[in-house]
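Observations on the model geometry
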Amino acid sequence: MSRELWEREYLEHAISSSTNVRPSHGATFVERHLATIAAVDGPPRLLDLGCGGGRNVPVLEKTGFDFHGMDYAHRPLVRAGRFATRLVQASMTAPLPFGSGVFSAVTAFTSVENLRRDEDLRVLAGEVRRVLCRGGLWLVYFMTPEDTYYRPLIEPGFGDRSLTHDPVTGLRQRVYRVAELCDLFGPSLRLLDTEEFAFTDVRSAGTYERRLAAGLWRRD
Ligand SMILES: C[S@@+](CC[C@H](N)C(=O)[O-])C[C@H]1O[C@@H](n2cnc3c(N)ncnc32)[C@H](O)[C@@H]1O
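Residues numbered from 1 in each chain as written. Predicted model: local features only at pLDDT ≥ 70, side-chain atom pairs only at ≥ 80, totals over all residues.

Under the annotation held in an unreviewed UniProt entry, the protein chain carries the name Class I SAM-dependent methyltransferase and is attributed to Amycolatopsis samaneae.

Points about the overall build of the protein chain
Helices and strands together make up the secondary structure of the protein chain, namely 7 helices and 9 strands. Relative to a compact globule of 220 residues, whose C-alpha radius of gyration would be 17 Å, the protein chain shows 16 Å and is just as compact. Put simply, the protein chain has 220 residues, and 41% of those count as buried. Once local pairs closer than 6 in sequence are excluded, the contacts in the protein chain between residues at least 24 apart make up 68%. (Helix = DSSP H or I, 4+ residues; strand = E, 2+ residues; numbered from the N terminus. Rg over C-alpha atoms; globule rule 2.2 N^0.38 Å. Buried ≥ 20, exposed ≤ 12 C-beta atoms within 10 Å, placed from the backbone. Contact = placed C-beta atoms within 7 Å.)

Some words on the pairing of strand β7 (residues 172-175)
Judged from the 4 bridges that link them, strand β6 (residues 162-165) and β7 form a sheet pairing that is antiparallel. Its bridge partner lying in β7, S162 is registered against V175. The hairpin turn running from β6 into β7, its antiparallel successor, is 6 residues long, and G170 in that turn takes a positive phi close to 85°. (Pairing = 2+ DSSP bridges.)

Observations concerning helix α6 (residues 118-131)
The end-to-end C-alpha distance of α6 is 20 Å, a good match for the 20 Å that 14 residues give at a rise of 1.5 Å each. All of the buried residues along α6 are L121, L124, A125, E127, V128, R129 and V131. On its buried face, α6 is in contact with β1 (45-49), β4 (103-109), β5 (132-143), α7 (178-185), β8 (189-203) and β9 (206-219). (Expected span 1.5 Å × (residues − 1).)

Some points on the nonpolar core
Judged by nonpolar contacts, the single largest core of 54 residues is most densely connected at A105, V106, W138, L139, V140 and F142. The element contributing the most residues to this core is β5, with 8 residues. Once residues within four sequence positions are removed from consideration, L139 is found in contact with F29, V30, A105, T107, A214 and L216. (Core = buried A, V, L, I, M, F, W, Y, C linked by C-beta atoms within 7 Å.)

Comments concerning the sheet that holds β4
Strand order across the open sheet formed by 7 strands is β3-β2-β1-β4-β5-β9-β8, with mixed pairing between neighbours. Strand pairing shows two members of the sheet lacking a second neighbour, β3 (86-89) and β8, which therefore form its edges. Pairwise comparison of adjacent strand axes, ignoring direction, gives a mean angle of 15° for this sheet. Direction of pairing for β8 relative to β9: antiparallel, over a ladder of 14 bridges. (Axes fitted to C-alpha atoms, helices over the stretch in contact; angles between N-to-C directions.)

Here's the deal with the environment of R45
Structurally, the position occupied by R45 is in strand β1. Classification of R45 as buried rests on a count of 20 C-beta atoms within 10 Å. Separated by 100 residues in the primary sequence, R45 and P145 have C-alpha atoms spaced 32 Å apart. Residues within four places of R45 in sequence aside, it is in contact with F65, D66, H68, V102, F103 and S104.

With respect to the pairing of strand β2 (residues 66-71)
A large share of β2 lies buried, amounting to 5 of its 6 residues. Pairing analysis gives 4 bridges linking β2 to β3, with the strands arranged parallel. What sits directly across from G69, in β3, is L87.

Some remarks on unusual backbone geometry
Despite not being glycine, T110 shows a phi value in the positive range, around 40°. On the secondary structure map, T110 appears in the loop between β4 and α6.

As structure tokens, this is what we get:
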């Protein structure tokens, strides 16, 4: 169901990530960690989960790693095809279609929000751990409950989980705190660094104070 909503979103363009061709704010977190990424002693390959139309490819290629993009929607992958990259259409809720230990870095820019169940996040973390080499890095850029676009969309009754429903796109998502993700990723993915992002954004014809965060985890 949500895959169809994303396919539609890439036609109708209600939200900025599906129209924006500039790298996302989270890409600066990657740039700040280029030396840490280069120091990983593993295969020179990077996997971007929920890569969308590939707007972060130019920054991710600065790692010097071979870029692999994965998204479950077809339309953005057609757009991402303008970059000379390897792309695969697959879902983050299924076993990742890659061998074990084949990546030095895995990234996700505003895509893990689409996994709402703790179980899905835990399974994904296990899969990320499997495809990463020892010492490999997992970098996630995500929306937080303080984001003024998402805050009013948080549905009551889900306890500590901030589950959202966006009436504009129809998407049901989840916004996270760093501590929540640390808990879901488990002790074998160790947090190295975090950064908070605050900026003003125009979305669905309104102006919002966006509050996102990024985290960098290392696979022990
Ligand atoms: C907000 S967009 C972000 C795209 C890109 N990372 C960016 O920063 O522009 C979220 C992307 O995640 C993809 N996505 C959502 N759920 C997914 C899933 N279960 N498996 C793979 N991709 C998924 C959507 O198709 C969409 O392209």
